[in-house]
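Next come the chains, spelled out residue by residue.
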Amino acid sequence: MERNLQIPWQEDCYMDLKSTSPKSETRKKMEDAGWLHRHQKSLQRFVSVSLLMDMVNHMRKSEQLTAEDASMIQGRGSLEDKVQTLVELLRISDPQGSTLQAYLQNSYPVEYNLVTLHDSVVQQHKAVLLKRVDTESLTHQVNNHSHGPALLLVEGVSDLQQREHDLIQVSVNRGTAPLHGRPLGLDRLLAPLTRVSTAPRVTLTVGVAGSGKSRLVHQFVRLWSSGKIFPDLSLVIPVACWELSSFDRLSVERMLRSIVPYENVDVILNGGICKVLLIFDGLEEFRTPLDFSEAPATPDPRRELLVSDLITNIVRGNLLPGVTLWLLSRPGVGSKVPAGLVDRVTEVQPFTHTHIQDYLTNSLTRSQENSCMPSRPSTPSAPRSHASEDTPHQVWDHLSCQKPVLILCSVPGICRIVTTTLSHLVRAELEDIPLPRTLTEIYAHYCWPHLTSADPSSGSIRKPLATLGRMAFYSLLRRRHTFSEAELRTYGVDVPPPLGTLGHRVLQREQSWSSECVSWRFVHTSVQEFLGALFYYTSSRRGMFDLFSESSVSWPRIGFPSHYRAALQKSNSAANGNLDFFMRFLSGLLSSAVGGLLGGALGVGREEQVTQRTMGTTLLQNTVVGSGGEAVSMRSIATVACLAELQQGEWIRSVEEDLIGCRLRGKLKGGVCAVLAYLLQVSDACVDETHLSNCLDSASLKRLLPQLLYCSKLRMENNEFKDDAMELLGSLLSAKDCRIQSLSLAENSISSKGIKPLSRALLVNRTLTVLDLHGNNIGTKGAKVLAEALKLNQVIVSVNLQSNSIEDEGARALADVLQSNRKLTSLNVQKNSIGPDGVKRIADSLKKNQILQDLNVSSNHLGDLGTVALAQALVVNHTLCTLSLQSNSVSDKGMKALTQALRSNKGLTSLNLRENSIGVEGAKAIARALQENNTLAELDLTANLLHDEGVTAIAGAVKANRALRSLHLQWNFMKSGAAKALARSLHSNTSIQLLDLQENALGDDGVVSLAAALKENSSLAVLYLQGVSAGKAGAVALAEALMVNQTLHTLDLRGNSIGMAGAKALSSALKTNRSLRSLNLQENSLGMDGAIFIATALRGNHQLTYINLQGNGIGESGAKVVSDAIRADASECVVDI
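(A) Representation of the sheet that holds strand E12 (residues 518–522) in the model. The strand order E10-E12-E11 describes an open sheet built from 3 strands, whose pairing is antiparallel. Every other strand in the sheet has two partners, leaving strand E10 (482–483) and strand E11 (507–511) as the edge strands with one partner each.

(B) Quick look at the packing of helix H32 (residues 650–660) against helix H33 (residues 672–682). Running from amino to carboxyl end, H32 crosses H33 at an angle of 75 degrees, the nearest separation of the two axes being 10 Å. Relative to H33, H32 is oriented roughly perpendicular. For the pair formed by H32 and H33, the contact residues are Trp651, Ile652, Val655, Glu656 and Leu659 on the first element and Val672, Val675, Leu676, Tyr678 and Leu679 on the second.

(C) Summary view of the sheet that holds strand E8 (residues 324–329). One open sheet holds the 7 strands; their spatial order is E2-E1-E9-E3-E8-E6-E4, and the pairing between them is mixed. Two strands in the sheet have a free side with no partner beyond their single neighbour: strand E2 (182–184) and strand E4 (233–240). On average, each strand axis in the sheet is inclined to that of its neighbour by 25 degrees, with strand direction left out of account. Inspection of the sheet shows E4 paired to strand E6 (residues 275–281) by 7 bridges, in the parallel sense. The partner of Ile237 across the bridge, within E6, is Leu278. With respect to the sheet, helix H11 (residues 213–225) is in contact with strand E1 (151–154), strand E3 (202–206), E4, E6, E8 and strand E9 (344–348), its orientation differing from that of E4 by roughly 155 degrees. Contacts between helix H15 (residues 307–316) and the sheet are confined to E3, E6 and E8, with E8 contributing the most and set at about 130 degrees to the helix.

(D) Structural context of the confidence of the model for the protein chain. Of all residues in the protein chain, 91% attain a pLDDT of 70 or more, and the chain-wide mean is 88. Throughout residues 1–33 the model reports pLDDT below 50, and contacts reaching past four residues in sequence, or to other chains, amount to 71 contacts. Scored below 50 in pLDDT, residues 453–458 makes 8 contacts in the model with residues more than four places away or belonging to other chains.

(E) Quick peek at the pairing of E12. The buried fraction of E12 amounts to 5 of the 5 residues, a majority that puts the element mostly inside the structure. With burial as the criterion, each face of E12 is covered, one bearing Val518, Trp520 and Phe522 and the other bearing Ser519 and Arg521. Pairing of E10 with E12 involves 2 bridges; the strand directions are antiparallel. Residue Thr482 lies in a different strand from E12, and its bridge partner there is Arg521. Two elements, E11 and E12, share 5 bridges in a ladder whose sense is antiparallel. Its bridge partner being in E12, Glu510 is matched across the sheet by Ser519. From the end of E11 to the start of E12, which pair antiparallel, there are 6 residues.

The rules behind each value
- Residues numbered from 1 in each chain as written.
- Predicted model: local features only at pLDDT ≥ 70, side-chain atom pairs only at ≥ 80, totals over all residues.
- Heavy atoms only, no water.
- Pairing = 2+ DSSP bridges.
- Helix = DSSP H or I, 4+ residues; strand = E, 2+ residues; numbered from the N terminus.
- Axes fitted to C-alpha atoms, helices over the stretch in contact; angles between N-to-C directions.
- Parallel < 35°, antiparallel > 145°, perpendicular 65-115°, else oblique.
- Contact = heavy atoms within 4.5 Å.
- pLDDT = per-residue confidence, 0-100.
- Buried < 20%, exposed > 50% of the residue type's maximum accessible area, 1.4 Å probe, protein only.

Dropping the structure here:
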């Protein structure tokens, strides 16, 4: 927009925004001597190129500038530099700048007013905002991150966010951040993110209630008012939407007059040059919902509209098109803003576990008044310790065991309520009151902290419920969360709430940004839901009419069971689950723990409580079972959560035990799927990985499908999925809300037809990074279909196709993938009957591919031809890190080519050559490569034909090599000569950490040599000597070495014959050794005495964590003696007997 153009709504504006005549203040400033000096920055900011040219020409005509002056100005670089030069020249010829003032006033009045008045208006506005921010900081306790909430840049509002209650969203996502969210600082909120992008006009920030959205606004306003961010913004105008909702109808002009009531602010708003940011905080506060399809469109700034319609016109750009907008809202309402109108979507980052722990620690460093519940009255004296350093740890340990509550603590507002309540109880040290385990218990303690020390009188609870509880309940039904003082008084709530009352604890005051107008809200919406549930509970015990109707006109409803059933029906049929947590609290009130807290105060006897609890449990269970034939909905899961809140968890625990023990096969019927879906959200068994192997069929998969969307790592192995099940899985991966990152479908008999829907899904899925299909039967056709999808998919990094019969043709298809895919880093095609031709195509692709890091082609038919092809690729490719060629008939010929490549290769770190036909010549070739290669760290030559001569050659190379960390030489027909050569290498080698010599006839001579090396070696940590024919002499030598060695932590001596004497020697060594952690003496003829020697050695050794004494003829009585000894002397050590 040209700077001299007017914004569209200014022409008939009764705000007189078009007026250009300066006010008296302006005329006074014209007469001041330092006008040019004071307004130099404004001139540089608002003077355009065309205006500068006109100014220079006029100054020349007025003989204030010469031709040389004009040329000097023209020769400057940027526009700001040119304006600065003009001002400096005019200070010489016209120090007061009267000529320029008069010219601008008469010819460019809009720009003149901006130059003259802009800074004073902005400074006045900033001062008002800073004062308001400082006042809010003193009034409200900080309940978010220590440095304020953080923002994440996201792609949009998810389907889950659009349709579910805020806290249901949190529970489903386990309190984690959006999968593809990128951190975005407030200093980048309104800025272009790339060189070619433009700044957003409309930015939407969503966050659940209590996530810190308003706090973000305060932080942004403080930073801008202090000049730290976006100095190009002339005005930042924050608007609390609850304030606008007090108007029935409003026009743009009246709105602006009410929120920026400053003299001359019209100069900035009307200039068409200044950048203005308008912040609407809390779109959910409008009494009528936003409706972008039905709202009448108007460009008239004087037309009075419903407030929600006014906002829709501003967002659409019909009104205030030049103003930048920042909209903040809860996700459900934010999703109603059409995506086409929003240029940028951000989300408030939830608390992580680290944030929760930091909050716990920091809150306890504050004073008693600030650290506990705000405005809580002093409680009667009780044993109370100071805010000790141990309190945060106790609270955290307790929270870690209450997963549903811990997940909800990812919401800062809830975190504050939960942690301060638990901290208060821990410090109170009340032994007769256990720490609360459910949200209902915690909120009862939060609202009435005196419950911890004495039985409250009935009036202290019943009276507030008649006022605050009623207001909470009926406002919840109307989805109202902000209240004027008049509304509070209507319900009988004192304003302001007196100190020490329930109102003072649960209500907080909100101040308008632009006036002295105030409102009140509950400290969190969950507190409103809790009090609403408590009001409903107390009223329904004697109520005769439907309580969901605020008037008394309704069908009769008598007895608590009838009211409870009505509440459950209402909750299950409520749109967007807005009554889910109300119902959860209502169910929690029936638990024995809450009954013990509140029953006396509410006048509910124990017998009545038991009756209510039995009725509630039966009704909830029947409701869950009744929904068993359908896809598990969020309402069904919410009903299971009510059972958990009621602390009737036997059914839930039973299903969880079956889940952990993999015993769900045939049991996913009735309501078990709903219980399982609940466990997917809260069970520790599903935190890292959801294991649903060997238990699913098409019917149960269909019921669970909507909830599987939100699992991050999903294992569904050995389920024999048919084609219809694969169609369901394809739809699962194609869904917008899919969060699955790792999926294992191993051993499912998936055919080439079944792989098609999965491949189609990979074309649109943007979350899956790991796909495991090993042990299926996709064949050549399936491999081709999958390969076509992988060419376009740019997310998956790991694919496992082991044992899928893809053969050479499938390998060629995957080779084409490696030429185009830029994400795949791991590919496993083990056991697929791939021959030299197929692997040659893969090798050719590796010459171009610079992404793949892990390639497993074990157990195929590569032979020497395929190995040579891969060797040629390794000469060029330096990104492949791991190569597995196990069981591929590789002989010395292929080995020589491979080792020749290793001499120049700089990338490979792990090479697996197990179970091939590599002989002495191949070993010598390996030795030559190891003398030059400086990157290979792991080498596995198990089960080859190296013999003493080959191993001796390798040992010679190991002596000088400083890269190798792990060397496997198991089953290689070695004898003592090779062991002695390796021992000589260990004397000087300082890098090797693992040495595997199992199943080689080393004998005592070889073991003794290795033991001597251990006395000097300071790097070896793991030594495998299973089945090496070691006897007493070898064991004694190793024992002597352990008395000196301080690095070896794992020693495996299985299948030898060290006997009791060897055990006795090792026992003496264990009393002094402090490095060994694992010792395996299985099948060593120790006898009972030898085993007891080892067991008693633990009295002086507390470092060992594992010992294996199986197969040593100890007997049952001996095993008991050994077990008791170890249990008494080293209880943390695991012993297999």
